[in-house]
Amino acid sequence: MATSVVLVVAILTAISTVEASGDVSSGARSTRVRRQTGELRQEIPAQFNQIYQGSVFNGTEDIYRYSYMQNESSPRAIRVEVKSQGASEDYPLLFVVRQQRGILSWQVPLMIRGIYGYDKVSRTLCPMDHLQTGVKDERETVYLEVSAASPAALNYRVNATILTDFSLSTGQSRNFLVSPSQPQYYAYKMPPDLDMVVVKVSSPSNLCAVFSLQPIKCPVYDLDRNIEFVGIYQTFMKKAAITVQKSYFPNGEFYVVVVVKATDSDCTGEMETIQPANPSDEAFEMRRVKEVTVVVGPSITDSQYVTAVFVGILVFVLFYVVTFMVLFIQWIRQRNAELEGLAPRPEEQAATNAEAPINAQRTEPNYGATATDPYSMGEQPIETKPGIPPTDQPNGPPMPTNPPPPRPAQSKSYPKPPMVHTLSDSSMEDDIDMLDDADEDKDIYRTKTFLYVADLARKDHRHLSQKYNLYSWNLLTISVFYALPVIQLVITYQKMLNTTGNEDICYYNFFCAQPAGDLTAFNNVYSNIGYIMLGVLILILVYRRDYTHQKKVDAGDRYAIDYGIPKHFGLFYAIGIALVMEGVMSGCYHVCPNYSNFQFDTSFMYIIGGLGMLKLYQTRHPDINANAYAAYASLAIVIFVAVIGVVFGTPYFWAIFTVVYVLAILALTAQVYYMGRWRLDMGIFHRMYLLIRTDCLQCSKPMYWDRFVLLLVGNIINWSLALFGAVGQPDDFASFMLAIFIINFLLYFVFYIVMKLRSGERILWVTVGLIIITLICWTLALSFFFKGVTTWEKTPAQSRLDNKACVLMGFYDDHDIWHFMSAISMFCSFLVLLMLDDDLDYTPRDKIPVF
């Protein structure tokens, strides 16, 4: 009796509190469901596009039965929309949909992450048409069950509609609204003539959402808590794209699923304030409604793919063809000139260089150069007076037009530094200083006002060559040990992406990602081939020069031994190896670019910049350049600091970095200004005081003017960089460090060119042409670099805002063109370094100034 009374009261309460009928879907009719007295479970034949209002409480259940005809040729889906404002987290409404081959259930309010409750839910049922192949025109029945455990009646509204436009077509866009409680998905099947398509989603809203491609099977995972369970997925804000091959999904069929996140923290990386569950106002749910447009378009064809790959490698093959053609033409011309007796005699060139003014603008005192070999002077050593070069001595004999006879052909060793003696001394054999003695006290010839290459090329050539060859061998060893674990790591990343389907792991340009095999963005990896091919070409050209020079030395050619810039090729070999490894490591990085492996892409850039500066310095300072161990140790510290700066880029780090940076600048300034003749000990402050009192306060100008100008400009620029880093604290610390290397290298290179011209030297027209080409290539390369198509400093969703479509042959994006152009630019830059001082090959070393 008590049970009947409670039942009657509940029914009367439900009838009296039923809301006025209203549409859940536009254009739908409304029907109020009334429960018969004492009826706990009722089955209601229902019609599509009809709104049903009812109520349930503990022990009661409403069952809606929907029937429709399957149509395999035109797949359709059913979408169910429910709403209840009386349900709560403690007493929710439960909805269960039973189909022929599956069950789908949810509750209202729909709790997202256990915090956010939504009283309006829309779900698309998994269509059976895709699953029952070969079955046509068969009636399918769907049951929707509504129940609750609440002691009081809970009102609800329900509506089911058939989606006749459930299938997506190639090239046609589809607009719809989604929210955390109202996900959407559509079906797509690739046409027979397509093997690869690009699925793109876009939205004017910045709300965080997930975009997924899932195989055609039930259930479909379309909620925030389970959308990552299967298929491929990405988070996005305004746009995203996934390139999918037909082989990835059976028969090329898949669902395109989109759902909005409850918060934007997954897209912005910032935690948001938790809002209360079950909000009473509808504005709460409307804040998370996102308008989305989906379009599936064809990717490039197989023939376009192969053509783009072939053209990419053909560009660099042409460099080989042109280079070998130029070398062959030079060899033919030189051979014909020798046969016809038209080749210019080296003696004539040497005489011309000896008579040309070396530094027409220099008026400062000059203490002369100490010759490393009697042949380099063109005659017996003569007395030099301060401020007057040997060839300009008023009473001294003029330089001879024809140099002395060459060395014997069988001589293959370098001469030891000879004695320095003067014609004014009658006892030339007794009262003399040996260069070996001078070598013990380097201050004698390294702290002169004006230095010449002969002063800094006193060490044994073979010993120096062995020293500089360590650069290439050490770098080769470093590269092997560095590259092997890197390759293993990035392959693991790619396998993880392919296994989990989580494309947030890697920061690709998804709007131009061309897959190949297991690689998601093969074009970004392949475009690094330029570094490798041109690096190998650099090694070939360096080897040719090294072989030709060694051949002349073995033949006793004194011009190869004692004239021109000393030839040491170890650093050039190291630069070629570094360029090859930059291609390898950049390719590894682009297998799966992300925050964890960014250093793979930049490590060898630091090495290339450092080796370039060392080579330029070594050109006229062969005796005092850094050894390989110190150089690579310094570069390792730089790379370590770069990693620390990216991972722990706090204000404290920037403060410490700025102080260390400034101190390093000061130490390097002293090292360069005094040619290494200074010491860091307890007496340095006293010596600095004496230096300021004598050189700065009592002198009208610095003792080493040229070095002073270079170091002054360098200090201004580097102090400005340090100040910019301390104040601005850029996010991309790795690029900031690389910019420091590049700016300093360019500064030194410009200084070198200016001083070369100021010293009366000339630059060959071939080298001038290469410099112009290099500037053009670097300008184009940097223009593409700064366009930026991804950035790992942000979240994956924010990085996709920078994604852009392919710009070259439908295969390469802006960053790929940066790879091509930067490889060509570096190749031309190293050719300039290789040929910059070719005009001095027949100039005595005691007439080549140091700067």
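Residues numbered from 1 in each chain as written. Predicted model: local features only at pLDDT ≥ 70, side-chain atom pairs only at ≥ 80, totals over all residues. Heavy atoms only, no water.

1. Remarks on the pattern of salt bridges
Right, on to step 1. In the structure shown here, the tally under the stated rule is 17 salt bridges.
Right, on to step 2. Across the salt bridge formed by glutamate 145 and arginine 98, the nearest N and O atoms sit 2.6 Å from each other. With a gap of 47 residues between them, glutamate 145 in strand S11 (residues 139-148) and arginine 98 in strand S6 (residues 93-99) connect regions that are remote in the sequence.
Right, on to step 3. Accessibility expressed as a relative area gives 14% for glutamate 145, which makes it buried.
Right, on to step 4. Measuring nitrogen to oxygen at the nearest pair gives 3.1 Å for the salt bridge that ties arginine 620 to aspartate 837. Of this pair, arginine 620 sits in the loop between helix H13 (599-618) and helix H14 (628-647) while aspartate 837 is found in the segment after helix H21 (814-835), placing the two residues 217 residues apart along the sequence. (Salt bridge = Lys/Arg side-chain N within 4 Å of Asp/Glu carboxyl O. Helix = DSSP H or I, 4+ residues; strand = E, 2+ residues; numbered from the N terminus. Buried < 20%, exposed > 50% of the residue type's maximum accessible area, 1.4 Å probe, protein only.)

2. Some remarks on the packing of helix H8 (residues 461-500) against H14
Packed helices, taken two at a time, are described by the angle their axes make and the gap between the axes.
Right, on to step 1. One can describe the packing of H8 onto H14 by two numbers: an axis separation of 9 Å at closest approach and a directional angle of 40°. It follows from the interaxial angle that H8 and H14 lie oblique. H8 and H14 meet at a crossing whose hand is right-handed. Side by side, H8 and H14 meet where Leu470, Tyr471, Asn474, Leu475 and Ile478 of the first sit next to Ala628, Tyr629, Ala631 and Tyr632 of the second.
Right, on to step 2. The residue makeup of the contact of H8 with H14, split by class, is eight nonpolar, one polar and no charged. (Axes fitted to C-alpha atoms, helices over the stretch in contact; angles between N-to-C directions. Parallel < 35°, antiparallel > 145°, perpendicular 65-115°, else oblique. Left-handed = near helix turned anticlockwise from the far one by under 90°. Contact = heavy atoms within 4.5 Å. Nonpolar A, V, L, I, M, F, W, Y, C, P; charged D, E, K, R; others polar.)

3. Section: the nonpolar core
Right, on to step 1. Ranked by size, the top nonpolar core spans 116 residues in total, and within it Tyr471, Leu475, Tyr606, Leu611, Tyr632, Phe657 and Phe733 carry the most contacts.
Right, on to step 2. The element contributing the most residues to this core is H21, with 15 residues.
Right, on to step 3. Setting aside anything within four residues of it in sequence, one finds leucine 611 in contact with Tyr471, Leu475, Leu571, Ala574, Ile575, Ala578 and Tyr632.
Right, on to step 4. If you look at the next biggest cluster of nonpolar residues, it comprises 41 residues, including Phe176, Ala187, Tyr188 and Ile227. (Core = buried A, V, L, I, M, F, W, Y, C linked by side-chain atoms within 4.5 Å.)

4. Some points on the packing of H8 against H13
Right, on to step 1. Direction vectors running N to C along H8 and H13 enclose 170°, while the axes themselves pass 12 Å from each other. In terms of their interaxial angle, H8 and H13 are classed as roughly antiparallel. In contact with Tyr468, Tyr471, Leu475, Ser479, Tyr482, Val486, Leu489 and Val490 of H8, H13 contributes Gln599, Phe600, Ser603, Phe604, Ile607, Leu611, Leu614 and Gln618.
Right, on to step 2. Here the contact of H8 with H13 is composed, by residue class, of twelve nonpolar, four polar and no charged.

5. Some thoughts on the packing of aromatic side chains
Right, on to step 1. Tallying each qualifying case throughout the model produces 53 aromatic pairs.
Right, on to step 2. Between phenylalanine 95 and tryptophan 106 the ring centres are 5.9 Å apart and the planes differ by 15°, which places this aromatic pair in the stacked class. Linking phenylalanine 95 in strand S6 with tryptophan 106 in strand S7 (residues 102-108), this pair joins segments that are eleven residues apart in sequence. With respect to burial, phenylalanine 95 and tryptophan 106 carry one shared label: buried.
Right, on to step 3. Members of the aromatic cluster, each reached through a chain of ring pairs, are Tyr305, Phe316, Phe319, Phe522, Tyr526, Phe811, Tyr812, Phe820 and Phe827. (Phe/Tyr/Trp six-rings, centres within 6.5 Å; stacked < 30°, edge-to-face > 60°.)

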